[in-house]
Amino acid sequence: MAYYCSCKPSLLFLLFLISATAQARDTVTTHLHFFFHEEYSGPNATVITVVNSTTSNPGGFGSIAVADNDLREGSSLDSKLIGRAQGIAPVVSQSGQMTWLGLFNFVFTEGEYNGSSLTVVGLATLEAVTERSIIGGTGKFRMARGYAIHTLLSGVPEGRFIVEFDAYVEH
Ligand SMILES: *[C@@H]1O[C@H](CO)[C@@H](O)[C@H](O)[C@H]1NC(C)=O
Ligand SMILES: *[C@@H]1O[C@H](CO)[C@@H](O)[C@H](O)[C@H]1NC(C)=O
Ligand SMILES: *[C@@H]1O[C@H](CO)[C@@H](O)[C@H](O)[C@H]1NC(C)=O
């Protein structure tokens, strides 16, 4: 190893610098605005509980849900479908409040980002406004980092969660 290190590191370091600056120059921040539609009851439910809590905790600590939700352009039920939010959400709090850790792949199926996806991770609660991390992506969102503000809408049809998403993504 030692005889390699004496001649190569400067070249390797230079290559690293070149690729690091090229990447920094290409980074853009994209603001995405869309709506997450989850139907949690009835025959067309988009989320199912696959593991029930083994405790009597009122928040359902330990239960696990799997979701295949709609991403839509707007908040109305017939608004244009633009993607899917697929993932799992265990209840991770013993507080007695419903607090899920959402682990989601948001994949877009329309427009400029058709086929590209974001990995969105973080706590979801019944509070009106919360925030989650964007920890990665694919396609046009490769190397993504960012955050998403989600606002739970009130006054929606029974058996649904409709959430407004404002996502800010560096990629
Ligand atoms: C379930 O989906 C079907 C097909 O889209 C629809 O006809 C039906 O009205 C839906 N049922 C409910 C309860 O929303
Ligand atoms: C969880 O509990 C509900 C209500 O008791 C029941 O309907 C459902 O089948 C259970 N699900 C699993 C995966 O055990
Ligand atoms: C999105 O991409 C898929 C796969 O490439 C393609 O089949 C589909 O037609 C595209 N949808 C739109 C709306 O461009």
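## A short note on the site of ligand 3
Stage number 1. Taken together, Thr109, Glu110 and Asn114 make up the full set of residues adjacent to ligand 3.
Stage number 2. Protein chains shield 26% of the accessible area of ligand 3, which is 360 Å² for the free molecule.

## Points about a nonpolar patch on the surface
Stage number 1. On the surface, Ile48, Val50, Val51, Val66, Ile88 and Leu103 cluster together to form a nonpolar patch covering roughly 440 Å² of accessible area.
Stage number 2. Of the residues forming the nonpolar patch, the biggest block, three residues, is contributed by strand β2 (residues 47–51).
Stage number 3. Its location among the elements puts Ile88 in strand β4 (residues 81–90).
Stage number 4. Judged by its relative accessible area of 37%, Ile88 falls in the partly exposed class.

## Describing the environment of Tyr113
Stage number 1. The residue Tyr113 is located in the loop between β5 (100–108) and β6 (117–124) in this model.
Stage number 2. Leaving out residues up to four positions away in the same chain, Tyr113 has contacts with Thr30, Leu32, Phe108, Lys140 and Phe141.

## Remarks on the confidence of the model for the chain
Stage number 1. Confidence in the prediction of the chain, expressed as mean pLDDT, is 90, and 85% of residues score 70 or more.
Stage number 2. With pLDDT under 50 throughout, residues 1–7 is counted as low confidence; its partners more than four residues away or in other chains account for one contact.
Stage number 3. Within the model, the stretch residues 11–18 combines pLDDT values under 50 with zero contacts to residues more than four positions away or in other chains.

## Brief notes about the side chain of Ser93
Stage number 1. Relative to the helices and strands, Ser93 resides in the loop between β4 and β5.
Stage number 2. Side-chain polar atoms of Ser93 contact the side chain of Ser95, separated by 2.8 Å.
Stage number 3. Ignoring any residue separated from it by four or fewer positions in sequence, one finds Ser93 in contact with Asn57, Phe61 and Thr99.

## Brief notes about the pattern of salt bridges
Stage number 1. The final tally for this structure, using the stated rule, is five salt bridges.
Stage number 2. Among the ionic pairs, Glu39 bridges to Arg160, the shortest N-O distance being 3.4 Å. Taken together, the residues Glu39 in strand β1 (residues 29–39) and Arg160 in strand β9 (residues 160–170) connect sequence positions 121 residues apart.
Stage number 3. Arg160 gets classed as partly exposed once you look at its relative accessible area, which sits at 24%.
Stage number 4. Residue Asp70 pairs with Arg72 through a salt bridge whose shortest N-O separation is 3.0 Å.
Stage number 5. Connected through salt bridges with shared partners, the residues Asp68, Asp70, Arg72 and Arg84 form a single ionic network.

## Things to note about the environment of Val129
Stage number 1. Looking at where Val129 falls in the secondary structure, it is placed in strand β7 (residues 129–138).
Stage number 2. Beyond its immediate stretch of four places on either side in the chain, Val129 contacts Ile149, His150 and Thr151.

## Description of unusual backbone geometry
Trans is the common state for peptide bonds, and a negative phi is the common state for residues other than glycine.
Stage number 1. For Met143, which is not a glycine, the phi torsion comes out positive at approximately 65 degrees.
Stage number 2. With respect to the element layout, Met143 can be found in the loop between β7 and β8 (145–152).

## So, the layout of surface pockets
Stage number 1. Considered as a void within the structure, the largest pocket measures approximately 570 Å³ in volume.
Stage number 2. Taken together, 34 residues make up the lining of the largest pocket; nearest its centre are Glu38, Val47, Ala89, Trp100 and Phe161.
Stage number 3. Looking at the lining of the largest pocket, the elements that each hand over two or more residues are β1, β2, β3 (64–72), β4, β5, β7, β8 and β9.
Stage number 4. When grouped by side-chain class, the residues that make up the lining of the largest pocket number 21 nonpolar, 10 polar and three charged.
Stage number 5. Taken as a whole, the second largest pocket spans an internal volume of roughly 200 Å³.
Stage number 6. For the second largest pocket, the full set of lining residues is Leu32, His33, Phe34, Glu73, Lys80, Ile82, Phe108, Glu110, Gly111, Glu112 and Tyr113.
Stage number 7. Tallying contributions element by element places β1 first for the lining of the second largest pocket, with three residues.
Stage number 8. Grouping the constituent residues of the lining of the second largest pocket by class yields five nonpolar, two polar and four charged.

What counts, and at which threshold
- Residues numbered from 1 in each chain as written.
- Chains lettered and ligands numbered in written order.
- Predicted model: local features only at pLDDT ≥ 70, side-chain atom pairs only at ≥ 80, totals over all residues.
- Heavy atoms only, no water.
- Near = heavy atom within 4 Å.
- Areas by Shrake-Rupley, 256 points an atom, 1.4 Å probe, with all protein chains shown as cover.
- Patch = residues over 30% accessible without salt bridge, like charges linked within 9 Å, V, L, I, M, F, W, Y side chains within 5 Å.
- Salt bridge = Lys/Arg side-chain N within 4 Å of Asp/Glu carboxyl O.
- Helix = DSSP H or I, 4+ residues; strand = E, 2+ residues; numbered from the N terminus.
- Buried < 20%, exposed > 50% of the residue type's maximum accessible area, 1.4 Å probe, protein only.
- Contact = heavy atoms within 4.5 Å.
- pLDDT = per-residue confidence, 0-100.
- Polar contact = N/O pair within 3.5 Å; in protein donor to acceptor, adjacent residues only side chain to side chain.
- 1 Å grid on protein atoms, 1.4 Å probe; cavity = no way out; pocket = protein on both sides within 12 Å on 5 of 7 lines; lining within 4 Å.
- Points joined across faces, edges and corners; volume = space filled by probe spheres on them.
- Nonpolar A, V, L, I, M, F, W, Y, C, P; charged D, E, K, R; others polar.

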